Amino acid sequence: MATNRRQKAALLKNFIFGVEDSLVSTVGLLSGISFAGVAQSTIVLTGVVLVFVEALSMGAGSFLSESHSQEFENSSEAKTLKVTKGGMIMFISYFVAGFIPLSPYIFLTSAKQALYTSVGLSLIALFILGAYTARLSNQSAFKKGLRMLIIGGLAIIVGMLAARIVGAF
């Protein structure tokens, strides 16, 4: 039973990591290139490429790191199904979550409106992610949602500031 719980925790870790990283990375990149004043079609193209490439990279990274970790611990072959599930969860969670900050650039005509909507949707999604995962472990949904929003929000702010600073040169 402890092994089953450990496996579920590993899958949950991949889900949380995939969603959080996708939201923060995607909104950070999109904000940065939006600040640069590039065409909205370029922002959308860049976002789509990022989501596809990073989702695959994160899924593969999860699979490979978990596989090597298990082999190191057990000195034998990793359980392929378990590590494959982890990699797939990472891929799917990153891929789906990436379209949350990207969708405003697809559906809104104003890049400025899209930027603010993208950041807002990402912050809301971060709060929901924290609240959802807290409920799985019988913790305060509000506190964990707020923690995820603050930590992810700080990462978004750092990304946006970096874009502003570099864009100023």
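Please read all numbers here as calculations on a predicted model, not as lab measurements.

Explanation requested: the nonpolar core in the structure shown.
Inside soluble globular proteins, nonpolar side chains tend to come together where they are buried. Within the largest apolar cluster, 20 residues are counted, with the highest numbers of intra-cluster contacts made by Leu 23, Leu 30, Tyr 105, Val 119, Leu 126 and Ile 156. For this core, the secondary-structure elements that each account for two or more residues are α1 (2–35), α2 (40–74), α3 (80–107), α4 (111–136) and α5 (141–167). Among residues more than four places away in sequence, those in contact with Val 119 are Val 27, Ser 31, Ile 156 and Met 160.

What's the story with the pattern of salt bridges in this structure? I'm lost.
Here the structure, examined in full by the defined rule, presents one salt bridge. Between Glu 66 and Lys 82 there is a salt bridge, with its nearest N and O atoms 3.8 Å apart. Separated by 16 residues along the polypeptide, Glu 66 in helix α2 and Lys 82 in helix α3 bring together distant segments of the chain. Glu 66 sits in the partly exposed class, given a relative accessible area of 22%. Here Lys 82 falls in the partly exposed class, since its relative accessible area comes to 23%.

How should I be thinking about the environment of Ala 97 in this particular structure?
Here Ala 97 shows up in helix α3. The exposure class assigned to Ala 97 is buried, which follows from its relative accessible area of 3%. Residues Ala 97 and Val 51 lie 46 residues apart in sequence; the distance between their C-alpha atoms is 8.8 Å. Other than its neighbours up to four places away in sequence, Ala 97 contacts Val 19, Ser 22 and Leu 23.

What counts, and where the lines are drawn
Residues numbered from 1 in each chain as written. Predicted model: local features only at pLDDT ≥ 70, side-chain atom pairs only at ≥ 80, totals over all residues. Heavy atoms only, no water. Core = buried A, V, L, I, M, F, W, Y, C linked by side-chain atoms within 4.5 Å. Buried < 20%, exposed > 50% of the residue type's maximum accessible area, 1.4 Å probe, protein only. Helix = DSSP H or I, 4+ residues; strand = E, 2+ residues; numbered from the N terminus. Contact = heavy atoms within 4.5 Å. Salt bridge = Lys/Arg side-chain N within 4 Å of Asp/Glu carboxyl O.

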